[in-house]
Amino acid sequence: MVDSKNMPCFHCGEACGTVPVIYDGKYFCCNGCKAVYQLLNQNNMQQYYTIMETPGVKFTPEHRPLKKSFSWLKNEELIEKLIDFKQDSIYRATFYIPAIHCSSCIWLLENLERLDDGISRSVVNFVKKEVTITWNNEKTTLQQIVQLLADLNYEPEITLEAMSRSGKRKENRRIIYQIGVAGFAFSNIMLLSLPDYLAHREGLELSFRNFFGWINLLLVLPVVIYSARDYYESAIGNLRKGVLNLDVPIAIGIITLFIQSIYEVSAAISPGYFDSLAGFVFFLLIGRWYQGRTYHALSFERDYKSYFPVAVTRLKGGNEESVLLKDIAKGDLLLIHNLELIPSDGILIDGEAIINYSFVTGESIPVSKRAGDEVYAGGRQTGGAIVIEIKEEVEQSKLTRLWNQRNDDHPKQGIVRMVDFVSRRFTLGLLLVALLTLIGWLLIDPGRAMIAFVSVLIVACPCALALTLPFTYGTTMQIFGRRGLFLRESMVVESLANIDVVVFDKTGTLTLADDRKVHWEGSPLTGTERQLIRSLCRNSVHPLSQAVTGYLTDSEVLPVINFRELSARGILGIVKDVEVRAGSSTWLEIPVDELINRNVSAVHIMFDGYYRGFFSIGNSYRTGLDLMIPHLKKMGPIHVISGDNDAERATLQHLLGRDTSLSFDMSPSDKLHYIRNLTKNGLKPLMIGDGLNDAGALKEAYAGISLADDVYHFSPASDAIIEAKSFNRLVDFLYLSKRALSIVRMSFFISITYNVIGLAFAIRGVLSPVIAAILMPLSSVTVVVFVTGMVHLVARRFVLK
């Protein structure tokens, strides 16, 4: 007989265990994987398994094939929002599918027409994990397509946020168009100016020079009017608020250079400085795009729309109907199935609820609710179907109010950024020097006054200063992204550099949610006893039962008779004529030894009324945490805030040190106020969390980092998202942020030194606008090369090692 204990599943590659599912001479770890193989085999699509070995995705307990109905996808209003294109019976829609991970996935999803003849075409965008499907709605429907994808374990993520995101994409294209216009004008103006450059000593024939000057004027008009418009708007908006930022002298420089060039072309003095003007705007826009281009697919401002279902099942007149989330009203009765999310606060009317609030409160143990009890938005039902009566509309639930709660005096809004500090003084100084130069030369030699004035503005134009931040922080963002830390905006680098206290959430952040430490407390179990326990626990969806099942994977699964699950108590059933019970000590009426921590998660076992012992279940902590702590403590004190009980206080003190501040049993609101109090005391806290329960604290913190196993999937609103696999590099990221800030200061010093030297010549009137215009982009290139080179050099030591 073949030993299947370590036999890999033919579909997903996971170990099959001692009781594999065998079909067609192949081993599968579960019926879900077998079902996908059957579907592909029946449609002659075995090539899926030849492109890569074991390419499938395992059916986890939360994604087991329950054959969802997706009946809410019949809603016409919802269909209109989901589709990208519609003409007669031809429809097209784009779905985000997190499970896409290899070339076999691409092959299967691009051959869906072989599984449904109503589908005419499907194209995969592997980078974005999206598939665009075109179909004939008379042959198949949106519901049937989504059902097919779910049967293949490629269920698309359909959320309210995804539906509302499409409108934002067009806005992000404007800067691309602005760069395109500026780049086109810059290259053509340089080409038309080439004869004048080559004939500098002899001088180009006047008629040709004037002709090229007017052509260049026409080319530069879209640059001045369209490409540079953001700088005008920013300068005017800040001036109205009484603020001088770097965009003010940039706007003045653009306008002055444009007016001076028009004057010189009109007076046939020279072809103007349109080439320098177009190049100046082009490089500025490149810098802005560079800082904003990184990981545009990530969402850092996610709210409840990212997590809640698009539609729910409402009971009305004894019938079930699918309604959009926005159409839920107070008093509606909703049917919540197993593993579905509760969309709003309500009262449990019917059914036995076992609700997992771990994503809301951080408490990992599900709570039991009975008819008449209150239930809250964000909880996930883990038992049978229940009926709840809605007390509040979705927008008014406690969870959404938490999301929307944000202090208007948020500390990050009050930070006096280095760039603003420098720009205010630089701008005032530059304008004053330019004005004094103009007045001085008007008194001495009026003919040179305008040339000197323009030269001062051009040579001391803050383009180098303006490029320092986007290129320094943009390069840092890019390096971070390649190593698993994704920042919302460039200025987050500065926030990370200035933090002086680190605050961790415990559950799911310091601990591994899917890796629990299980220990048997009692005399060793026999092989038969292990089979009895695993067989019983395998029938329960409770996390503790699943942990015990995973601990006993080497035991054979036996049939269970009369299985029952009692909320907040335990489970029982008959296995091989033995009554097996697993549950709490209170339910089994077992006195707990005082030496046993009463807060430790435990599953007690009883056979035919005889107490056998218990499984203690604890958390596993992320690798590398012990090595990070000494370095983090050099940056400031460490705090841990958790919605869990204090069962692991001693473990945390041993791991993090007794000087670490530990707080337990904290609600989401408690966490928010905890961070707020740190800020009021003059500290700059870095908050690191992973769940909805951390959303308020992440927003309130000086800098907030959300930890996620999948950066494109669920993650609360935050300043940054860090991949779980990169968590142990947090210290490296913080060190590089501090070095990036030092590089900015060095670059500012270089830029200001250049400006002082250039001004010394420009004020004296010995520096022509032509030379000034040449020095202007040269200084910009120097700064860009310096900051990008320095960031990469420093990164080799901290991040790229």
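Residues numbered from 1 in each chain as written. Predicted model: local features only at pLDDT ≥ 70, side-chain atom pairs only at ≥ 80, totals over all residues. Heavy atoms only, no water.

A.B. asks: Sorry, what's going on with the overall build of the chain here?
C.D. replies: Of the regular secondary structure elements, the chain holds 26 helices and 28 strands. Expressed as a percentage of the 801 residues in the chain, the buried residues total 54%. Carbon and sulfur atoms make up 55% of the accessible area of the chain, which totals about 36600 Å². (Helix = DSSP H or I, 4+ residues; strand = E, 2+ residues; numbered from the N terminus. Buried < 20%, exposed > 50% of the residue type's maximum accessible area, 1.4 Å probe, protein only. Areas by Shrake-Rupley, 256 points an atom, 1.4 Å probe, with all protein chains shown as cover.)

A.B. asks: I keep staring at the sheet that holds strand 6 (residues 130-136) and nothing clicks. Help me out?
C.D. replies: Spatial ordering of the open sheet is given by 3-4-6-5, a layout of four strands whose pairing is antiparallel. Each edge of the open sheet carries a strand with a single partner, namely strand 3 (83-87) and strand 5 (119-125). Adjacent strand axes in the sheet meet at a mean angle of 10°, parallel and antiparallel pairs treated alike. Looking at chain direction, strand 4 (residues 90-96) and strand 6 are connected through seven bridges and run antiparallel. For Thr-94, the partnering residue across the bridge sits in strand 6 and is Thr-132. (Pairing = 2+ DSSP bridges. Axes fitted to C-alpha atoms, helices over the stretch in contact; angles between N-to-C directions.)

A.B. asks: Can you help me understand the side chain of Thr-313 in this one?
C.D. replies: Tracing the backbone shows Thr-313 in strand 7 (residues 311-316). By relative accessible area, Thr-313 is classed as buried at 13%. Apart from the residues within four sequence positions on either side, Thr-313 is in contact with Glu-320, Glu-321, Leu-333, Leu-334, Leu-335 and His-337. (Contact = heavy atoms within 4.5 Å.)

A.B. asks: Help me understand the sheet that holds strand 17 (residues 501-505) in this model?
C.D. replies: Across a sheet, paired strands are connected by hydrogen bonds in the backbone, their directions being either parallel or antiparallel. What the seven strands build is an open sheet, ordered 16-28-27-26-17-24-25; its pairing is mixed. The sheet terminates laterally at strand 16 (485-487) and strand 25 (661-663), the two strands that pair on one side only. In this sheet, neighbouring strand axes are inclined to one another by 20° on average, regardless of whether the strands run parallel or antiparallel. For strand 27 (residues 703-708) and strand 28 (residues 720-723), the ladder comprises four bridges, and the chain directions are parallel.

A.B. asks: It is not clear to me how the pairing of strand 20 (residues 570-575) should be interpreted in this structure. Could you clarify?
C.D. replies: Side-chain positions along a regular strand alternate between the two faces of the sheet. Of all the six residues making up strand 20, five are buried; the element is thus mostly covered by neighbouring parts of the structure. Note: strand 19 (residues 561-566) against strand 20, four bridges, orientation antiparallel. By the bridge assignment, Ile-561 is partnered in strand 20 with Ile-574. As paired elements, strand 20 and strand 21 (residues 578-583) share six bridges and run antiparallel to each other. Paired with Leu-572 across the bridge in strand 21 is Arg-581. As consecutive antiparallel partners, strand 20 and strand 21 are separated by two residues, and within that stretch Lys-576 has a phi angle of approximately 55°, a positive value.

A.B. asks: Would you take a moment to explain unusual backbone geometry for this structure?
C.D. replies: Negative phi characterises most residues that are not glycine, and trans characterises most peptide bonds. Notably, Asn-562 is not glycine yet its phi reads approximately 55°, a positive angle. Among the secondary structure elements, Asn-562 is positioned in strand 19. Positive phi is not limited to glycine here, since Asp-665 has a value of about 55°. Within the secondary structure layout, Asp-665 lies in the loop between strand 25 and helix 23 (668-680).

A.B. asks: Even after reading the chapter, I still don't get the nonpolar core, so can you show me in this structure?
C.D. replies: What tends to happen in soluble globular proteins is that the nonpolar side chains get buried as a cluster. Grouped together as the largest cluster of nonpolar side chains are 87 residues, with contacts concentrated most on Val-220, Phe-504 and Leu-632. It is helix 25 (residues 730-763) that provides the largest number of residues to this core, a total of 11 residues. Looking at which domains feed residues into this core, each of domain 3 (170-292) and domain 5 (472-511 + 622-738) gives three or more. Counting residues in each nonpolar core, the second largest holds 48 residues, with Cys-29, Leu-108, Leu-112 and Val-124 among its members. (Core = buried A, V, L, I, M, F, W, Y, C linked by side-chain atoms within 4.5 Å. Domains from an automatic or database assignment.)

A.B. asks: Help me understand the environment of Leu-315 in this model?
C.D. replies: With respect to the element layout, Leu-315 can be found in strand 7. Judged by its relative accessible area of 25%, Leu-315 falls in the partly exposed class. In this structure the C-alpha to C-alpha distance between Leu-315 and Val-387, which are 72 residues apart in sequence, comes to 8.7 Å. The residues touching Leu-315, leaving out its near neighbours within four places in the chain, are Glu-320, Leu-333, Leu-335 and Val-387.

A.B. asks: Help me understand the pattern of salt bridges, please; the structure alone is not making it clear to me.
C.D. replies: Close approach of charged atoms lets side chains of opposite charge pair. According to the stated counting rule, one finds 10 salt bridges in the structure shown. As a salt-bridge pair, Arg-612 and Glu-529 come within 2.9 Å of each other at their nearest N and O atoms. Of this pair, Arg-612 sits in strand 23 (residues 610-621) while Glu-529 sits in helix 19 (residues 527-537), placing them 83 residues apart in sequence. Taking the relative accessible area as the measure of exposure, Arg-612 reaches 13% and is therefore buried. With a closest N to O distance of 3.4 Å, Glu-579 and Arg-581 form a salt bridge. Taking the relative accessible area as the measure of exposure, Glu-579 reaches 26% and is therefore partly exposed. (Salt bridge = Lys/Arg side-chain N within 4 Å of Asp/Glu carboxyl O.)

A.B. asks: Even after reading the chapter, I still don't get the pairing of strand 4, so can you show me in this structure?
C.D. replies: Across four bridges, the pairing between strand 3 and strand 4 is antiparallel. Paired with Lys-86 across the strands is Tyr-91, a residue of strand 4. The hairpin formed by strand 3 and strand 4 contains two residues between the paired strands, and Asp-88 there has a positive phi angle of roughly 55°.

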